[in-house]
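This is what each chain is made of:
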Amino acid sequence: MIPWRDLPAPLAALRELALDLRWTWSHEADELWARVDDVLWRGTRNPWTVLDDVSTQRLAELAADAGFVAHLDRLVVARRAYLTDRSWFAEERLGARLGGVAWFSMEFGLGEALPLYAGGLGVLAGDFLKAASDLGLPVIGIGLLYQEGYFRQMIDAEGRQFEAFPYNDPSSMPIEPVREAGGGWLRIPVELPGRVLQLRVWRVIVGRTRLYLLDSNDPVNGPVDRGIAGKLYGGGGEMRMMQEIVLGIGGWRLVEALHPEIEVCHLNEGHAAFAVLERARAFAKRHGLSFSEALWATRAGNVFTTHTPVAAGFDRYPLDALTRYVQAWAAGEPTFAELQQLGVTEGPISDGALNMAYLAARRAFLSFGVSRLHGAVSRRIFQPLYPRWPEHEVPFGHITNGVHAPTWDSAEADAIWTRACGKERWRHEPEDMGERCEMIEDQELWALRGAAREALVRSVRTRLGVHLSGRGHPPEVVAVSETVLDPNVLTLGFARRFTAYKRPDLLLSDPARLARLLCDETRPAQLVLAGKAHPDDEAGKRMIQEWIRFAQDPRYRRRVVFLEDYDISLAQELVRGVDVWINTPRRPWEACGTSGMKVLVNGGLNLSTLDGWWEEAYRPDLGWAIGDGKVAESADQDSRDAEELYAVLEREAAPTFYDRDASGIPRAWVARMRRSMTDLTAKYGASRMVREYLDKAYLPAARALHERVADGGAGAKAMAAWSGRLKNAWPNIHIGQPDYVRQADGWEVSVPVYLGEIAPADVRMEIYGEPLSGFAPEVIALSHDGAITGAVGAYFWRGRIPGARPADDYTARVVPSHAGVRTPAEIALIHWQR
Ligand SMILES: *Cc1c(COP(=O)(O)O)cnc(C)c1O
């Protein structure tokens, strides 16, 4: 039970407003919270804390203040209108086709009031829920309530990073317990070896959407078990596995208990992959199917997104440890032998471990990477799951990430966009918005930059003053913070995790050259940096130290500031204020990267390696690129990239920024801003991302699920029987020598195929054209053309191959075929002509 203070009756609705995290992006209530307590509000920007801490006497005064009460009432009306107005999703009449989506993630970053994230994935999860709310998509988030979130960063006078792990006190967070009808706490049980873990459930209101958090810190659990959800990404091995069991198995049980209408289980990373097992187990039990039949049924509703570009990032658990847990959870159904098959290829497990990402991919209907380039990288990483399938046919597509513009825009940017495109603009198609934004005057765009830069300079000075005194510097050094940065100087920003592949030291590789850039007499630049290094990443920590040393040098300290403890609120200030956002990952290690997208809405420009999203977004008229995006990784890559980075800043960014006309406006710079804003903002926005998931993933998955579960799962049963038959008989397939006959425009081909027990209707016969000598890969379907006389289970397949390629470029192959089944996503068998 959260202790909750009694609010005077006229103010009861303050609780409703404070509990809805819509305040993290809609600023309509800011003024109200400032009226409640200006000091508390400015210090925390967290309505829940304001409400928790404000004095009873102040509340009594406000309750008697008719003006305040009227203000509150207006906001409550506005909130209810947001919730009940017809949403985009309702207008499109999609409700009958999609009951709902459960978005599983280890982290959610909605704002600093709820510190349950570590980095990019969490922030993306937050942005996804917010955009789903705006569009009215029925999405719920499923995550964990950590007793400690990710670490907070402190830096001492020598530039060393220290980590602090503040306690997450549920009663001081804007969350509420989920109760049963009888008033008791809703508890989700999960069987662990020798005991049953009870998970409490908390609810977070995110506009129209809900995030549910599972909490192991319940007195009914043993002391060790209470700490299962102790730390985000904390504890190795078995503890981490228990966390993932809680998220996956507990999470799916929560979905069934509270939201039986959910059809789509969206796994973000492999962390929650146990959910697909629990989903199948529960379905089997409910409908009297075997586990394998239930997997065929429910898999149609599973969607997987991988967010990592390296296979080493996937969690793997030793099977012997897993055995005990599986036995406790499944109680024999599914059997362990059945489960062993799940994390791997069609064959048995080879390395004695269950790979969570593989489990997710094999049990998902549709799988995605998070940018075009990352889609290709994912096809390579997951290739081992589809043995003998060409890499380009590995069933991973991509949906490029996007950011929730209302979370990242400044009030001034919001005003400009609203004037140009209306308040509801993020709901529209990206193309429509672009045109209307063409009309914004240069004057107005340039004024936006000036105001944004000034606001950033002010907040940097305040933050730096606090940090410097915290780092133990003497007052005369702390006083310098009052004079750092200049609101009229070209402002560069760099903030992200400090780790080797992101190369946060690239800009520092030639300190003298950087110094010249910063201290140029007529065209200076200034730089704001931030970022945490993982506690075990010594190289990352050293890079922070190098930057701190540079930034403390009296010669440059007015031009370079490193701010500690990078988080969402600091990110918001940075992306609103900088002119150029720099990103320097080593290609292709950045799966997508989203921080650069956050500057778009504010008129900031990107300067980045052609990696992640920038590889598809970049054009020379709207930003700058490092590298041509083609070069293979080589030893001197870093020095060549550094050279280009400096060159772009010296020869392009600075001259364009300072090239002013008679009215003081840098026309060429503003032209770039306009292009970047109109062409990229909506395209790399979260609304586009959410709608793309709807079209490419959620609707197709829901449709397939409906088909498979109809009639007690009749369709799924047939699929399970079909795949069983195929797996048994597959080794006996034999492809005879194809006969190629030259035609005027290609080949006429005839292939004898010995299928044994398999019926011709259960397979597709194809001719595969190798991607050789500049040709794209081709797949040409043949048609079944009668049995081979005198042979059993043998048939001719024939077809025409257009084009002028030699017959040697082609190979015949057999692949499984069944209506509604995705090959090779769901069944990865393939047989090639020898
Ligand atoms: C946006 C954001 C990220 C992710 O940004 P990248 O470009 O992927 O580095 C990480 N942390 C915070 C606080 C963010 O706001």
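Note that the structure is a prediction, hence the values are computed from the model and not measured.

So, how was this worked out
Residues numbered from 1 in each chain as written. Predicted model: local features only at pLDDT ≥ 70, side-chain atom pairs only at ≥ 80, totals over all residues. Heavy atoms only, no water. Near = heavy atom within 4 Å. Polar contact = N/O pair within 3.5 Å; in protein donor to acceptor, adjacent residues only side chain to side chain. Helix = DSSP H or I, 4+ residues; strand = E, 2+ residues; numbered from the N terminus. Domains from an automatic or database assignment. Pairing = 2+ DSSP bridges. Buried < 20%, exposed > 50% of the residue type's maximum accessible area, 1.4 Å probe, protein only. Contact = heavy atoms within 4.5 Å. Phe/Tyr/Trp six-rings, centres within 6.5 Å; stacked < 30°, edge-to-face > 60°. Lys NZ or Arg CZ within 6 Å of the ring centre and 35° of its normal.

Engineer: Give me the site of the ligand: which residues, what numbers.
Structural biologist: Lining the immediate environment of the ligand, one finds 14 residues, of which K502, A571, T594, S595 and K598 sit closest. The separation between an oxygen atom of the ligand and a polar side-chain atom of K502 is 3.1 Å. K598 places a side-chain nitrogen or oxygen 2.6 Å from an oxygen atom of the ligand. Elements represented by at least two residues in the shell around the ligand include exactly α8 (120-135), α24 (568-577) and α25 (595-600). The residue makeup of the shell around the ligand includes at least three contributed by each of domain 2 (100-401 + 693-710) and domain 3 (405-684).

Engineer: Let's hear about the sheet that holds strand β28 (residues 810-816): which residues, and what values?
Structural biologist: Spatially, β25-β24-β28-β29 is the arrangement adopted by the four strands of the open sheet, whose pairing is antiparallel. The open sheet is flanked by β25 (778-781) and β29 (831-832), the only strands paired with a single partner. In this structure, strand β24 (residues 763-769) lies alongside β25, joined through four bridges in antiparallel fashion. Directly across from E766, in β25, lies its bridge partner A781.

Engineer: Account for helix α16 (residues 372-381), with residues named and values stated.
Structural biologist: Looking only at α16, the buried set comprises L373, H374, G375, V377, S378 and I381. At its buried positions, α16 is contacted by α15 (356-362), β13 (366-369), β14 (396-398) and α26 (614-617).

Engineer: Provide a residue-level description of the packing of aromatic side chains, including the pertinent values.
Structural biologist: Enumeration over the complete set of coordinates arrives at 28 aromatic pairs. Plain terms: the ring middles of W296 and W722 are 6.4 Å apart, the flat faces sit at 80 degrees to each other, and that makes the pair edge-to-face. Note that W296 is positioned in helix α12 (residues 291-299) and W722 in helix α29 (residues 686-729), a separation of 426 residues in sequence. Both residues of the pair, W296 and W722, count as buried. Between F494 and F498 the ring centres are 6.2 Å apart and the planes differ by 90 degrees, which places this aromatic pair in the edge-to-face class. For the pair shown, F494 and F498 are each scored as buried. Grouped by ring-pair contacts, the aromatic residues W103, F108, F128, F368, Y693 and Y698 constitute a single cluster. Across the ring face of Y82, the terminal group of R22 is positioned such that the distance to the ring centre comes to 4.4 Å. Lying over the aromatic face of W296, R299 brings its terminal NZ or CZ to 4.4 Å of the ring centre.

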